[in-house]
Amino acid sequence: MAPANAGSQRSEEEIPAAAQPVQPLDANYVLTLEEIGNLAAEGGKPAETLTNVVALIARRFKTDVCSAYLLEPDRSNLILAATLGLRPQCVGTLRMAVQEGLAGLVAEQVQPVAVEQVKQHPRFKYFSEAGEEAYQSFLGVPFIDRGVLQGVLVVQTIVARIFQENEIKMLMEAAAQLAPVVSEARTLDRFVAPIQERLWTLARNLWWSWDHDATSLFRELDPVRWRQLNHNPIALLSDMPLSTIERRAKELVLHGRVNYTYRRQREYLDADRTWGARHAGVLRPRPVAYFSAEFGLHESVPIYSGGLGVLAGDHIKSASDLGIPLVGVGLFYGQGYFRQRLDRNGWQQEEYLPTDVNQLPMEPAIGTKGEPVTVQIETRNGAIRAKVWRMKVGRCDLLLLDSNVEGNAPEDRELTSRLYGGDGRVRIRQELLLGVGGFRALRAMGITPGVLHLNEGHSGFAVLEAIRSRMQEEGLNFDQAVPRVSREVSFTTHTPVPAGHDRFDAGLMEEHLGPLRDSLGLSHERLMALGRENPYNQNEEFCMTVLGLKLSRRANAVSSLHGEVSRAMWTGLYPGKPEEAIPIRHITNGVHVPTWLAPQMFRLYDRHLGTGWHEHGGEAKIWEGIENVDDGELWETHLSLKSRLLEFVRLRAVEQAERRGEPAKTLQALGRVLSPDALTIGFARRFATYKRANLILADIEKIALMVNDPKRPVQFVFAGKAHPRDDPGKRVLQQIAELMRDKQFANKFVFVEDYDINVGRHFVQGVDVWLNNPRRPLEASGTSGQKVVLNGGLNLSVLDGWWAEAYDGLNGFAIGTGRTHSNMDVHDTRDGEDLYRVLREEVIPLFYQRDRDGLPRGWIKRMKRTIRTLGWRFNADRMVTDYTVNCYVPASGGTSSDLRGML
């Protein structure tokens, strides 16, 4: 028999249970809910219930040990919560990472692990303090409650034993019955302190990243480590002992604030009277599947490179706020996008660093069968496999496919390591995984999307997989299935720049899409025709944008001007149709207000726009209240944000110089760079040549006079990355960076390395003017200037993208009149001259025109106008409601009337 209690010692005559002939287990050995209820009543508390239950399981399964390990709040460690057979003093103290030991392997894989001889297993780890040296065999199964891993249930025997399939199944059933008790134990019995548990709950949902109260809690726990850890709350909590958290909470009186923020998060997640519930209820059983190659959610989640990803992040956040049933689908990049460093010559160097998945708020996605979701895609040269992570973004889920799994070839394990890296073969395999794999992941989780929203062409293969699935489900052929699927597809194109549209040759297509093509019943040429502007041109490559346009019922550009450009660009796809009839409309991009609005400005809006103003941010009337704000209050708020920006830039400039080994004199100078009194102009974006970051340097003498004017000085802060293979873009960046060494500009130009969401946030919240001078009409939309609007900064921009429809003559400044020139040199020269003219004649005089109170009244008037006229139009809530009303609900068949086309 098993020992009567955990501390008993065996006599020499005692025969261990496992040495006895083991009779086959039957249904009588399965725990019932009634038994668990009786044991709970006897124990009273979840911890006592666990102790009673593990003793019962040890008897039922005729094992020497039964133990329950609970997943700690960091979801990276297991803690022994109850045992019969191991040393009782280990309860509450024995910890193991999910990457170590056999119990950790169960948690890591979220599936049973049975081992006859544990010491022969590569994951065997001996915990001497537990007294488990005598035990030979191991069987562990996961505790899963409502689809979420809660811990691990383990049985062990002294004599080697092969656990049979029925035994494994019955232990799984026992774990399933016990899982609610385990979940309650983790929450209520406080194996960790209540404040830590609630902080972990906040940290595991990215809602915290756009809630200023939640963010401030983590920052105040340890401001220095918070910055060092890139504002990552999971890394912070993992780094801080419980005693330190409790001490800091007492010192700062945080308990009440933690509880308040925790309750607000629960209310947010549980709310059912949302805009989406009223206007998009049809999406609840069949949600929107939003596919994007990148998602820019927060700087601590490095799976984005720039504007496309940040837009996708803002989209999913606003969908959450509005209550739109939406699931994001993307890829998990183990090394993300590159970290940028400039050498002594100002030349960009790229560094790729691995991301620790245990420091991210994600967990394995669990499928309908209670097991971790994996997907497999066949190609002509073998299969590509991926596991699926789930990340909570407020009310929405984000699924991320990760190819770093056993069974993949080495090249495929590296497939999702880097964003936008590799050649065409890497790109097509990434996009196959994103589209086909992403759709299969949804189905494996029991999600049948009512709408497929393709955010750019990278995910276009998802439509082909959806067609294959529909053919199989409904017994259709390809031509019959296409219209049924296409009516549910919404496609967004983002760039008029040719390099932004992926193209693949026929060989790559056949190698990777061949098996899917076979399933669709298509010839090679028929498949290629789906991605060709001219389907009969056998030399034309397959274009993902063309695929998206052909297989979607609704296609849109991302600004009014971009819509015009896109219709002209793709007329070849619609022979016989005039340009204005090309079926590409537009929904102009917007930004997620809570993410980009500075806390100081948020508080100012709370006072003057009314309680809950941000829940109605897409309504123009809400923003009228800005005109009632006292000029001095608005200006002082702006100056505090500007001061914060300058401190940030100085700190980063010194760190950069230290890394390059600059002399102490240089470090000292950089610590004092930039003046709080000078007009501060910001420029931060991708350093593609068409964005013309160096346009301001076209006439170096003119700009030198401006920045060195002792009465009305101007200063510039720059940030941005060039693509690793874009040497022309790197040269532009180098030209900007070298000005920091030029005596004329040393204190007036600063380049901040490693542009990311954190750098962008400081810039858009603190600059006086945001400079944007792309070569019209190559800027599809642009959103950085929209973030500046929210914080009271003014735009100085070419009339391109969103600014072409936003500028009214008084809410910012325009470079040029919107005219272009067929000669690029003439075009650039003309824009450069106009940039200088507007700076000299409009921007600088208005900024320095002060009244007796020292306030620039004219400038403040323009600040208010830009907030009032643009705040409601260019935010993501308006954008997502537009998508919902015009794309999602019609695509899902949820409109109650549609009389378009009637005479």
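Parameters at a glance
- Residues numbered from 1 in each chain as written.
- Predicted model: local features only at pLDDT ≥ 70, side-chain atom pairs only at ≥ 80, totals over all residues.
- Heavy atoms only, no water.
- Helix = DSSP H or I, 4+ residues; strand = E, 2+ residues; numbered from the N terminus.
- Rg over C-alpha atoms; globule rule 2.2 N^0.38 Å.
- Contact = heavy atoms within 4.5 Å.
- Areas by Shrake-Rupley, 256 points an atom, 1.4 Å probe, with all protein chains shown as cover.
- Lys, Arg positive; Asp, Glu negative; His and termini not counted.
- Charge placed at Lys NZ, Arg CZ, Asp CG, Glu CD.
- Salt bridge = Lys/Arg side-chain N within 4 Å of Asp/Glu carboxyl O.
- Buried < 20%, exposed > 50% of the residue type's maximum accessible area, 1.4 Å probe, protein only.
- Polar contact = N/O pair within 3.5 Å; in protein donor to acceptor, adjacent residues only side chain to side chain.
- Axes fitted to C-alpha atoms, helices over the stretch in contact; angles between N-to-C directions.
- Parallel < 35°, antiparallel > 145°, perpendicular 65-115°, else oblique.
- Left-handed = near helix turned anticlockwise from the far one by under 90°.
- Nonpolar A, V, L, I, M, F, W, Y, C, P; charged D, E, K, R; others polar.
- Pairing = 2+ DSSP bridges.
- Expected span 1.5 Å × (residues − 1).
- Arc of directions from axis to C-beta.
- Phe/Tyr/Trp six-rings, centres within 6.5 Å; stacked < 30°, edge-to-face > 60°.
- Core = buried A, V, L, I, M, F, W, Y, C linked by side-chain atoms within 4.5 Å.
- pLDDT = per-residue confidence, 0-100.
- Right-handed = clockwise from strand over helix to strand, strands pointing away.

Attention shifts here to the overall build of the protein chain. Along its length, the protein chain carries 32 helices and 26 strands. Here the protein chain has a C-alpha radius of gyration of 30 Å; the compact-globule value for 903 residues is 29 Å, and the two agree. Overall, the protein chain is about 100 × 70 × 55 Å in size when its C-alpha atoms are taken along their principal axes. Restricting to contacts in the protein chain with at least 6 residues of sequence separation, those with at least 24 account for 71%. Accessible area for the protein chain stands at about 36100 Å²; split by element, carbon and sulfur atoms hold 49% of it. Separation between the mean location of the 108 positive side-chain charges and that of the 112 negative ones in the protein chain comes to 4 Å.

What follows is about the pattern of salt bridges. Pairs can form between side chains of opposite charge once their charged atoms are near each other. Tallied over the entire structure, the rule returns 61 salt bridges. The closest approach of N and O atoms between Arg 75 and Glu 363, which form a salt bridge, is 3.0 Å. A residue pair is termed long-range when its members are at least 10 positions apart, and Arg 75 in the loop between strand S1 (65-71) and strand S2 (77-84) and Glu 363 in strand S11 (residues 362-364) qualify at 288 residues. Of the two residues examined, Arg 75 and Glu 363, each falls in the buried class. Between Asp 631 and Lys 864 there is a salt bridge, with the nearest N and O atoms lying 2.7 Å from each other. Here Lys 864 lies in helix H31 (residues 857-870) and Asp 631 lies in helix H23 (residues 631-659), a separation of 233 residues in the sequence. Across the pair, exposure class does not vary: Asp 631 and Lys 864 are buried alike. A cluster of three or more residues bridged by salt bridges with shared partners is formed by Arg 344, Arg 659, Arg 660, Glu 662, Arg 741 and Glu 753.

Inspection of the secondary structure assignment puts Ser 403 in the loop between strand S14 (396-402) and helix H13 (410-413). You can call Ser 403 buried: its relative accessible area is 0%. There is a polar contact of 2.6 Å between the side chain of Ser 403 and the backbone oxygen of Asp 412. Discounting residues that sit within four places of it in the chain, Ser 403 has contacts with Arg 385, Ala 386, Asn 408, Asp 412, Arg 413, Glu 414, Leu 415, Thr 416 and Leu 433.

With their axes 10 Å apart at the nearest point, helix H22 (residues 599-609) and H23 run at an angle of 165 degrees to one another. With respect to H23, the element H22 is oriented roughly antiparallel. Where H22 crosses over H23, the two elements pack in a sense that is right-handed. Across the interface between the two elements, Gln 600, Met 601, Leu 604, Arg 607 and His 608 from H22 touch Glu 633, Leu 634, Thr 637, Ser 640 and Leu 641 from H23. Its residues assigned to classes, the contact of H22 with H23 shows four nonpolar, four polar and two charged.

Attention shifts here to the packing of H23 against H31. One way to put it is that H23 packs onto H31 with a least axis distance of 10 Å and a crossing angle of 85 degrees. Judged on the interaxial angle alone, H31 and H23 are roughly perpendicular. On H31, the residues that touch Asp 631, Leu 634, Trp 635 and His 638 of H23 are Arg 857, Trp 859, Ile 860, Met 863 and Lys 864. Here the residues of the contact of H23 with H31 are counted per class, giving five nonpolar, one polar and three charged.

The subject of this paragraph is the sheet that holds strand S6 (residues 148-157). What the six strands build is an open sheet, ordered S3-S2-S1-S6-S5-S4; its pairing is antiparallel. Only two strands of the sheet have a single partner each, and these edge strands are strand S3 (95-97) and strand S4 (113-115). Averaged over all pairs of adjacent strands, the angle between their axes in this sheet comes to 25 degrees, without regard to strand direction. Pairing analysis gives six bridges linking S1 to S6, with the strands arranged antiparallel. Paired with Ala 68 across the two strands is Leu 153, which belongs to S6. On the sheet, helix H3 (residues 101-109) packs against S1, S2, S3, S4, strand S5 (137-145) and S6 and is oriented at approximately 35 degrees with respect to S5.

With that settled, the discussion passes to helix H10 (residues 255-270). The terminal C-alpha atoms of H10 lie 22 Å apart, and with 16 residues this matches the ideal 22 Å at 1.5 Å per residue to within 8%. Along H10, the residues classified as buried are Val 258, Thr 261, Tyr 262, Gln 265 and Tyr 268. Taken end-on, H10 shows its buried residues confined to a sector of 125 degrees, consistent with a single buried face. Exposed residues lying more than 90 degrees from the buried face of H10 are Glu 267 and Asp 270. Those residues of H10 that are buried lie in contact with helix H5 (194-203), helix H6 (212-221) and helix H12 (307-322).

The subject of this paragraph is the packing of aromatic side chains. Within this structure, the stated rule accounts for 27 aromatic pairs. When the centroid spacing of 5.5 Å and the interplanar angle of 40 degrees are considered together, the rings of Phe 683 and Phe 718 count as tilted. Taken together, the residues Phe 683 in strand S21 (residues 679-684) and Phe 718 in strand S22 (residues 714-719) connect sequence positions 35 residues apart. Residue classification places Phe 683 among the buried positions, given a relative accessible area of 1%.

Nonpolar side chains tend to gather and get buried jointly when the protein is soluble and globular. Ranked by size, the top nonpolar core spans 131 residues in total, and within it Phe 461, Leu 464, Ile 467 and Tyr 888 carry the most contacts. Those residues in contact with Phe 461 that sit more than four places away from it in its chain are Ile 428, Glu 431, Leu 432, Gly 435, Val 436, Met 509, Leu 513, Phe 542, Met 544 and Leu 547. If you look at the next biggest cluster of nonpolar residues, it comprises 92 residues, including Tyr 304, Trp 770, Leu 794 and Val 843.

Looking along the chain, the bond that leaves Arg 776 and enters Pro 777 is cis, with omega of 5 degrees. Tracing the sequence through the fold places Pro 777 in the loop between strand S24 (769-772) and helix H28 (784-790). Even without a glycine there, the phi angle at Arg 146 is positive, about 55 degrees. With respect to the helices, strands and loops of the structure, Arg 146 is situated in the loop between S5 and S6.

Another aspect to go through is the confidence of the model for the protein chain. Residues with a pLDDT of 70 or more make up 93% of the protein chain, whose mean pLDDT is 91. Long-range and interchain partners of residues 1-28, a stretch whose pLDDT sits below 50, account for 42 contacts in this model, where long-range means more than four residues apart. Here residues 189-193 scores under 50 on pLDDT; set against residues more than four positions off or in separate chains, the count is 15 contacts.

For the rest of this paragraph, the subject is the sheet that holds strand S25 (residues 794-798). Pairing in this open sheet of six strands is parallel, and the strands run S23-S22-S21-S24-S25-S26 from one edge to the other. In the strand order of this sheet, the two ends are held by strand S23 (749-752) and strand S26 (813-815), each with one partner. For this sheet the average axis-to-axis angle between neighbouring strands, irrespective of direction, equals 20 degrees. Looking at chain direction, S25 and S26 are connected through three bridges and run parallel. Bridge pairing in S26 places Ser 797 opposite Ala 814.

On to the environment of Tyr 126. Topologically, Tyr 126 is positioned in the loop between S4 and S5. With relative accessibility at 39%, the residue Tyr 126 sits in the partly exposed group. Here Tyr 126 is in contact with Glu 132 and Glu 133, once residues within four sequence places are set aside. Here Glu 133 takes part through its side chain, which lies 2.9 Å from a polar atom of the side chain of Tyr 126.

In this section: the environment of Pro 88. Among the structural elements, Pro 88 can be located in the loop between S2 and S3. What makes Pro 88 partly exposed here is its relative accessible area of 44%. Along the primary structure Pro 88 and Leu 549 are separated by 461 residues, whereas in three dimensions their C-alpha atoms are 65 Å apart.

Let's shift gears to the pairing of strand S7 (residues 288-291). The two faces of S7 match: Val 288 and Tyr 290 on one face and Ala 289 and Phe 291 on the other face are all buried. In this region the chain leaves S7, passes through H12 and returns to the parallel neighbour strand S8 (residues 326-331); the handedness of that crossover is right-handed. Two elements, S7 and strand S15 (residues 451-455), share four bridges in a ladder whose sense is parallel. Counted as the bridge partner of Ala 289 is Leu 452 from S15.

With that out of the way, let us pick up the side chain of His 501. With respect to the secondary-structure elements, His 501 resides in the loop between strand S16 (489-492) and strand S17 (503-504). For His 501, the side chain forms a polar contact with the main-chain oxygen of Thr 495, separated by 2.7 Å.

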